[in-house]
Amino acid sequence: MSSPLLPVEGVDGEAVTPSASLGFVTRRISRIPSSKDNASIPAALDDDGLKSSKASGVVRGYTLKTVYLGLAFCLIFTAFNVAQAYITILYPTIGTLTLATIYGFFALGSLVAPQVGDALGIKWAMAVGSVFFVVFIGCLETGADGIVLLSAAGVGMGSGTLWINQGVWLSRLSANTGGSMTGYFTGLFFTICNANGIVGNILAIILLEAGLSIDMMIWGMFVAGGIGCSMMVLVDPMHSTVPIGNDTQPAMTFKDQLRSVRDVAKMKKSLVILPCIWLQGCNLAFMFGRLPDMLPNDAGGVAVAQVFLCYGALQCIFSYVNGVIYDRFGWKPLVRSFLLTGIFAYSVLVSLLPSEYGLHGTFGHLVEPFLLIGGLLGHLDATLNTAINLAMSKAYRPGNETAAAFGFYRVGFCSAMALMNILGGAFEIGWIMVWNGAWVAVAGWLYERHAAEMQGSVADP
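In this numbering scheme, every chain counts its residues from 1 along its sequence in written order. Only residues with pLDDT of 70 or above have their local features reported here, since the model is predicted, and side-chain atom pairs are shown and tallied only from 80 upward, although totals for entire chains, interfaces and linings are computed over all residues. Hydrogens and waters are ignored; side-chain quantities use all the structure's heavy atoms.

## Comments concerning the packing of aromatic side chains
For this analysis, a ring pair means two rings from Phe, Tyr or Trp (six-membered ring only for Trp) whose centres lie within 6.5 Å, classed as stacked if their planes differ by under 30 degrees, edge-to-face if by over 60, and tilted for the remaining angles. Enumeration according to the criterion identifies 18 aromatic pairs in this entry. Taken together, a centroid distance of 4.9 Å and an interplanar angle of 65° make the contact between phenylalanine 73 and tryptophan 163 edge-to-face. Of the two residues, phenylalanine 73 is situated in helix H2 (residues 53-85) and tryptophan 163 in helix H6 (residues 145-176); the sequence distance between them amounts to 90 residues. Only protein chains enter the accessibility calculation, which uses a 1.4 Å probe; a residue whose area is less than 20% of its type maximum is buried, one above 50% is exposed, and one in between is partly exposed. On the basis of relative accessible area, phenylalanine 73 is assigned to the buried category, the value being 0%. The buried category is assigned to tryptophan 163, whose relative accessible area is 0%. Ring plane angle 45° and centroid distance 5.9 Å describe the contact between tryptophan 331 and tyrosine 447, whose orientation is recorded as tilted. With tryptophan 331 in the loop between helix H13 (300-329) and helix H14 (332-351) and tyrosine 447 in helix H18 (residues 429-449), this pair connects stretches of sequence that are 116 residues apart. Each of the two residues, tryptophan 331 as well as tyrosine 447, counts as buried. In textbook terms, an aromatic cluster arises when at least three aromatic residues are bridged by ring pairs, as seen for Phe73, Phe77, Phe80, Phe133, Phe136, Trp163 and Phe189. Helix numbering and strand numbering both begin at the N terminus, where a helix is a DSSP run of H or I of at least 4 residues and a strand a DSSP run of E of at least 2.

The following block contains the structure:
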């Protein structure tokens, strides 16, 4: 049975998702060698759901494996995302450049990630990729700009390896369970993984309120990341137990990968979804690179954690809720909600800028408006992720075209993140807000106008 590659997450563990990785992932086909192997397949999984207690037991086992992987990712990104939120504070001169380096090398690392998975297996490829996150967090405490930038390049490369092979892992799990519970396992993984935004920032608030310095808090994140990295050693390797197609698809060469992404980029449906992808990158670049600088000067490091806690909580909640909304009501509520949320959030941000007519004089010295903004931007990101990934899963043919489509997604997303972190510092923050708000309007309008391109049959490009 054939199934499209599952969406995978962004470098910051967002549930970008199902998130988009540079999905140059070709399917590895394992023929069923014996009836004994065949007996391990949950044959009772069909379009009507579970039909037997045996199938229930198999799903329970896969559920535990998914929960374990989600917990490992949650710890890794609890550590990384908290540390990432303080980069511009710890390194004001190279903070945005560090973020740009991470996401630039993320795209590059994704190009070679399938080869790493082939060489090491997906379990060990994920384990190796996770090591770079721990190294990066430790390097933040060196105080050396060069070492931080070098480790940023490393974590970008490791991110591609980690997330693409995680996508293969979930794709194989989906095939092993008959493909009828893809949404369940994907939602389960990303809900647990995205809890990092809650866990990490609550932990950061506790440590900072206890009087620890930001440096000591970062070391605490280093330990948390190390535990998550160690857990990867015990992750299930998730071998294929069912054939995913009639014929095997050979591993794509590097040139084939680039060519397939180029071909997908030329499709009309790719151009329709591109503004949403670009907006997602611009929004995250603003969230991690510029929003912390807007907080009141006397708010301290705790305020950063509080804002990101609101961001992570709404992101985690709507990673699940958006899937329910989509199943019941389709794409329209998602697109209209990110339109309203995005325009409202950036309008409030503009009003908080120092101005004779704005709200800065009344609310600019308070943290509470920024807590609201953090929650709104978390909802915006989660809803963009859902709208993009579910649409892409419907619009492209299963197999290499789907893989190339997620490659297109990752290149677009990382390009926006990198460019906005590099160029954003050259512009006043108000112009960045107007820029992002304009992309909200363009993305929502274009998606709704050409929704049929993203929701219909995959037969035509």
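Don't stop here, the text continues.
## Focus: empty space enclosed by the protein
Any space left empty among the atoms is revealed by the rolling of a water-sized probe across them. In this model, the second largest cavity occupies a volume close to 70 Å³. If you go around the second largest cavity, you meet 12 residues; those closest to its centre are Ala285, Phe286, Arg290, Met420 and Gly424. If you list the elements that add at least two residues to the lining of the second largest cavity, you get helix H11 (268-289), helix H17 (400-423) and H18. Per element, the largest residue contribution to the lining of the second largest cavity is four residues, and it comes from H11. Asp, Glu, Lys and Arg are counted as charged, while Ala, Val, Leu, Ile, Met, Phe, Trp, Tyr, Cys and Pro are counted as nonpolar; the rest, among them Gly, fall into the polar class. For the lining of the second largest cavity, a count of residues per class yields five nonpolar, six polar and one charged. Computed over the protein atoms alone on a 1 Å grid, cavities are sets of points where a 1.4 Å probe fits but cannot get out and pockets are open sets with protein on both sides within 12 Å along at least five of seven lines; a residue lines them when it has an atom within 4 Å of a point. Grid points are joined across faces, edges and corners, and a volume is the space filled by probe spheres set on the points.

## Quick word on the packing of helix H4 (residues 95-120) against helix H5 (residues 122-139)
When two helices pack together, their arrangement is captured by the angle between the axes and the distance separating the axes. Running from N to C, H4 and H5 point in directions that differ by 155°, and their axes come no closer than 9 Å. If you check the angle between H4 and H5, you find them roughly antiparallel. Crossing of H4 over H5 shows right-handed handedness. In contact with Thr98, Ile102, Val116, Gly117 and Leu120 of H4, H5 contributes Ile122, Trp124, Ala125, Val128 and Phe136. Fitting a line to C-alpha atoms yields each axis, with helices limited to the stretch in contact; the angle taken between N-to-C directions then spans 0 to 180 degrees. For classification purposes, angles smaller than 35 degrees are called roughly parallel, those larger than 145 roughly antiparallel, those between 65 and 115 roughly perpendicular, and all remaining angles oblique. Here a crossing is called left-handed whenever its near helix is offset anticlockwise from the far helix by less than a right angle, and right-handed whenever the offset is clockwise. Any two residues whose heavy atoms approach within 4.5 Å are treated as being in contact.

## Here's the deal with the pattern of salt bridges
Any Lys or Arg side-chain nitrogen found within 4 Å of a carboxyl oxygen on Asp or Glu counts as a salt bridge. Tallied over the full model, the rule gives three salt bridges. Its salt-bridge partner being aspartate 236, residue lysine 65 comes within 3.3 Å of it at the nearest N-O pair. In this pair, lysine 65 is assigned in helix H2 and aspartate 236 in the loop between helix H9 (214-231) and helix H10 (254-265), connecting sequence segments 171 residues apart. Residue class for lysine 65 comes out partly exposed when judged on its relative accessible area of 32%. Exposure remark for aspartate 236: the relative accessible area of 24% places this residue in the partly exposed category. Among the salt bridges present, the one from arginine 262 reaches aspartate 263, with a minimum N-O distance of 3.3 Å. Residue classification places arginine 262 among the partly exposed residues on the basis of a relative accessible area of 44%.

Geometric values such as these leave the question of function open.
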